[in-house]
Amino acid sequence: FSGSETLGLEYLLLIKRKLQNNFEVPIYLRSQKDLNAIVNIETSPEGKILHYEFLKKSENSEFNKAIERCLKISSPLPVNKSVKIIVEFKGEGIGKIK
C-alpha cells in the first residue's frame, strides 16, 4: 500500500462489523449465491470515507446500490489513521476484507 500502513486485525474486525450492520441487501437478493463485488476504500485519519471505487461490480445494480448506501452511512469507519482497504461484499454479507 502506498503511504498507508496496514491495519491490525482488531480494526479490520471493527470495520467489518460496522459495514455488516449497515449493509442492507434486499431480501430477494440474499439467496443469490453469485452476488459479489469488491470495493477499494480510502479513509482520512479520522476514518471518513474519502473515496471508494468498485474494483469489481456485481451484475446486479440493486446490489451495487446497497453497497453504496452501506458505504455512505458507515462513514466514518473505526480507524485511527488514513488507510486503504479492500472489501468484498456478498449477497449474504461482508466477505474478505484487507
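Residues numbered from 1 in each chain as written. Predicted model: local features only at pLDDT ≥ 70, side-chain atom pairs only at ≥ 80, totals over all residues. Heavy atoms only, no water.

Chemist: Help me understand the packing of helix α1 (residues 9-22) against helix α3 (residues 61-74) in this model?
Modeler: Helix-helix packing is described using two parameters, namely the angle between the two axes and the distance between the axes. In contact at an axis separation of 9 Å, α1 and α3 are set at 120° when each is read in the N-to-C sense. Taken together, the axes of α1 and α3 are oblique relative to one another. Along this stretch, α1 crosses α3, giving a crossing that reads as right-handed. Residues K18, L19 and N22 of α1 form the contact with α3, whose participating residues are C70, L71, I73 and S74. For the contact of α1 with α3, the class distribution of residues is 4 nonpolar, 2 polar and 1 charged. (Axes fitted to C-alpha atoms, helices over the stretch in contact; angles between N-to-C directions. Helix = DSSP H or I, 4+ residues; strand = E, 2+ residues; numbered from the N terminus. Parallel < 35°, antiparallel > 145°, perpendicular 65-115°, else oblique. Left-handed = near helix turned anticlockwise from the far one by under 90°. Contact = heavy atoms within 4.5 Å. Nonpolar A, V, L, I, M, F, W, Y, C, P; charged D, E, K, R; others polar.)

Chemist: I would appreciate a short explanation of the pattern of salt bridges in the present structure.
Modeler: When their charged atoms lie close together, side chains carrying opposite charge are able to pair. Counting across every chain of the model gives 2 salt bridges. Its salt-bridge partner being K65, residue E62 comes within 3.8 Å of it at the nearest N-O pair. One end of the pair, E62, and the other, K65, are both in helix α3, 3 residues apart, so they sit about a helical turn from each other. A relative accessible area of 31% places E62 in the partly exposed class. Taking relative accessible area as the criterion, K65 reaches 43% and is therefore assigned partly exposed. Between K96 and E88 there is a salt bridge; the shortest N-O distance is 3.9 Å. Classification of K96 by relative accessible area gives exposed; the value is 64%. With a relative accessible area of 12%, E88 lands in the buried category. (Salt bridge = Lys/Arg side-chain N within 4 Å of Asp/Glu carboxyl O. Buried < 20%, exposed > 50% of the residue type's maximum accessible area, 1.4 Å probe, protein only.)

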